[in-house]
Structure formats: structure tokens, C-alpha cells
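Read off the chains here:
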Amino acid sequence: MAAEGETLTATSYIKHHLQNLTFGQLPAGYERADGTVLEQSMWTLAHSSKEAQEMGFWAFHVDTLCWSAGLGILFLWLFRKAAVSATSDVPGPLQNFVETIVEFVDNSVKESFHGKNDVIAPLSLTIFVWIFLMNLMDLVPVDWVPFLFSVLGVEYMKIVPTTDVNATFGLSLSVFFLIIFYSIKVKGVGGFVGELTLQPFGKKFIPFNFLLESVGLLAKPISLSLRLFGNLYAGELIFILIALLPFYAQWMLSVPWAIFHILVITLQAFIFMMLTIVYLSMAHEDH
Amino acid sequence: MSLNLTMFGQAIAFAIFVSFCMKYVWPPIISALRERQKKIADGLQAADRAAKDLELAQDKAAAELKEAKQKAHEIIELANKRSNQMIEESRVAAQAEGEKMLNRAKAEIEQETNRAKEELRSQLAALAISGAEKIMEASVDVKAHSQMLDKLANEL
């Protein structure tokens, strides 16, 4: 329980745990949480939820970025280590482990994607393992890391990047960009526009077709990111709620939920990967 | 929970990770996998071939063994036949030799007998002469009488 000073209520505890460590610009004359007034605008870490909100769009969630980058680097370091010493002879334990995942991803890609594309398989591997690792942070007891950082003087720390809608949107926007990129690359601009406007109802209904198809297109990244975010956010919220119980009763709920969550985090990573493959495979196909 | 620049930071990190993975992680691992798959496939094929070869060799060995057995049988039979033949031959030869030796001995005996007879005869003649000489006490013409005596001896 990390909040310092102020009386700790359930609401403030939950709010505190759901607040990202935000780095952004506060305007001149802004009255900060501790009462001081800024003489000129400055980039700074937010000291309260209100401050974080005032920073608006032009701000960063430092914790999300750092944890996700750290986990991504962990993933690449581990897999790179296996890749450097990869042999076709008897594999060691690390290579075995990595190869299992790589083969699993490779098979998933082969099943759903029939074109020739060197990006999709590594992209899927990155998505699967990275999202899995980010989700895995959910299983770290909710108070440990925030408490550690509060001792070090950092007020907010949300360690599960996928419970930040920005992180999931960052991923799905990249996928969305790739969908459009490959659609245009494979079918040409005309083909892509035609796909958006000439179906399902033919030439007479171009505006209606366009409306329908663009909703369908935009729904892809939004559903992709919100599905992942929603699942993990809800999971995290339940862990926080369980943490509000007396300490001797917590394990009765947190252990089953954590075990169940092992399934959820793997499944969500897998779904994100599969849908990415399917969307990109659709982008490669002519109708 | 508001959207902000984090989104783009995340997208940039994602792009970097994917490109790194594409360049340095995926190719070596997947090529090692493919290579091993090929090795295993080759190994299985080789094992199949070896099994077939083994079967062939076993068949060949069995056939050769059969042939050798037959040959050995033939040789033994031949040897038996030959030994029988040899025994027979040697028996015949021994018999012949025995007969020959017997004949020779018989001839020798006969010869010996004849010689003894001859000697006896000649001694008898001399004895008769000396007997006659003693009887007559007078030496007669030896020449004339020996002719007569020879005649006598021949008649013996």
C-alpha cells in the first residue's frame, strides 16, 4: 500500500494503482498538487492524477514505455542468445525452449497465411512473446513493485504495460498501418480503394459501401487493442480488489484468479497474434 | 487512461523490436530448425535404405549358406565314395601281391628242391663210383665207366 501521508481509502488505493507515471508539460501558472505555482511551463512528472490529466495528449506514460521496452529487450536478448548458438545438432535447453515457440508461431503463420512474406512470421513471434511477457507482469503481486518504487521516491508505477490503452493501441496501430501498407502493395491503390467502395453492393451504392467497409477496416485495430486492454485491465482490477481484502484471506481468491490468469494472458497474446496474421493475410488476398 | 504520446512511443519500440527480430533472431533459429528437419528426414531415409539392404544381405547369406551346405554334402559323398574305392583297390592290390609272393616262394622252394635233388644225384654218382672202385679194387677206365655211371645217375 503505497500512498503516503493521506488517509488510505479503498477508492484512493484503487485510483493510485491505476494511475500511470506520466511525464508531460504543465502550463505556466499551473497550481501543482503540493500548492506551488509554476512560473513558466515545464516538462515534469505528474504528482497526481489531476496533473496527469491536465497534461493532455502531449505526455508520456514513462512506466508503460520503460517496462514494455525492458520486456521487449528481455525477449530479444533471450531469443538472440538462442539464435547465436543455434545448431541443427542436439539443441540445448534454451534453444529447445525457443525453438518450441518459434515452431509454434511458424506453424500458426503457415496455417493462416499462404502468401510469401518475410515480415509476418518474425512480426507474429514478436507480438506473441512480447505481449505474453507484458501480460505476465500481471502475475506479480500488485503491491510489490509500486511499493518498492514509492520507497525510491517514485509515486506511481503501473508495471503491466498492456493495462495501458496506449500500449495496446500502439501495437494495433502498427498492425493497422501494415494492413493498409500491404493492401496497397499487393492490390495497388486502385485495388484497395475499389475494395473499400465497390463491395458488397456494387457501383450504385459507393458511399454506402465505403461507410460499411471503412467501419469494418477501422474496427480491426480498435477491437484488437481494446480486447487485449480490456482483458488485462479487468484482470488487474480484480487483483487490486483482492488486494483490498485482509491479508490472510487474499490467497483464497488471488491464487485461483492467478492460475486462471495464466490461461488468459497466454490466450490474449495468442489471439492478438492470430488476428494479426489473419488481418494481414486478408490484406494480401484479392476478392 | 487517456490516449497520449505513449501510443507512438510504443509503436516505435514495436517497429524496432520487429525489425531486430526479423534480422537477427528469426533467420538463424528457423534455418537451424529446417536443417535439423532435413537431417532427421535424411536419417530416416537412410535407416529405411539400410533396413532394405540388411534384408537383401540376409537373403543372400541364406542362399549362399544353402549352396555351401549342398556343396559340402556333395564333397563328403564324393570322399566317401573315393575312400570306399581306395579300400577296394588296396584290397585287390594286397591280394595280388600276396599271391605273387606266394608264387615266388613256391617257385623258390621248387628250385631249391631241384638243386638239392641235383646235388644229391651228383653226390650219389660219386658215391656209387667210389663204392664201385672199392668193390672192384681195380681202377678201370674211368672214362668208359663214368659214361655208364652218368647214364645210371640220369636214370635215378
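Residues numbered from 1 in each chain as written. Chains lettered and ligands numbered in written order. Predicted model: local features only at pLDDT ≥ 70, side-chain atom pairs only at ≥ 80, totals over all residues. Heavy atoms only, no water.

Q: Would you explain the sheet that holds strand 2 (residues 42-45) of chain A in this entry?
A: For sheets, the rule is that strands pair by backbone hydrogen bonds, running either parallel or antiparallel. Residue and element names in this part refer to chain A. Strand order in the open sheet made by the three strands is 2-1-3, with antiparallel pairing throughout. Each of the sheet's edge strands pairs with one partner strand only, and the pair in question is strand 2 and strand 3 (59-61). Taken over all neighbouring pairs, the strand axes of this sheet differ in orientation by 20° on average, direction set aside. Of the strand pairs in this sheet, strand 1 (residues 22-26) and strand 3 are connected by three bridges, and their pairing is antiparallel. When the bridges of strand 3 are listed, Gly24 appears paired with Ala59. (Pairing = 2+ DSSP bridges. Helix = DSSP H or I, 4+ residues; strand = E, 2+ residues; numbered from the N terminus. Axes fitted to C-alpha atoms, helices over the stretch in contact; angles between N-to-C directions.)

Q: Explanation requested: the interface of chain A and chain B in the structure shown.
A: Many analyses report the size of an interface as the accessible area lost when the parts associate. Listed per partner, the contact involves 50 residues of chain A and 31 residues of chain B. Summed over both sides, the interface between chain A and chain B buries roughly 3,700 Å², with carbon and sulfur atoms accounting for 73% of that surface. Counting every contact that joins chain A to chain B gives three salt bridges. Mapped onto the side of chain A that touches chain B, the elements with two or more residues apiece are strand 3, helix 3 (62-84), helix 4 (93-112), helix 5 (120-136) and helix 7 (165-197) of chain A. (Contact = heavy atoms within 4.5 Å. Buried area = accessible area lost by both parts, 1.4 Å probe. Salt bridge = Lys/Arg side-chain N within 4 Å of Asp/Glu carboxyl O.)

Q: Whenever I open this one, the nonpolar core confuses me. Can you help?
A: In summary, soluble globular proteins display a tendency toward joint burial of nonpolar side chains. If you look at the biggest cluster of nonpolar residues, it comprises 62 residues, and the most contacted ones within it are Phe79(A), Val102(A) and Leu125(A). Put simply, the parts of the chain that give this core at least two residues each are helix 3, helix 4, helix 5, helix 7, helix 8 (206-243) and helix 9 (247-284) of chain A together with helix 1 (6-136) of chain B. It is helix 5 of chain A that provides the largest number of residues to this core, a total of 11 residues. Here Phe79(A) is in contact with Val98(A), Ile101(A), Val102(A), Leu125(A), Val129(A), Val25(B) and Ile29(B), once residues within four sequence places are set aside. (Core = buried A, V, L, I, M, F, W, Y, C linked by side-chain atoms within 4.5 Å. Buried < 20%, exposed > 50% of the residue type's maximum accessible area, 1.4 Å probe, protein only.)

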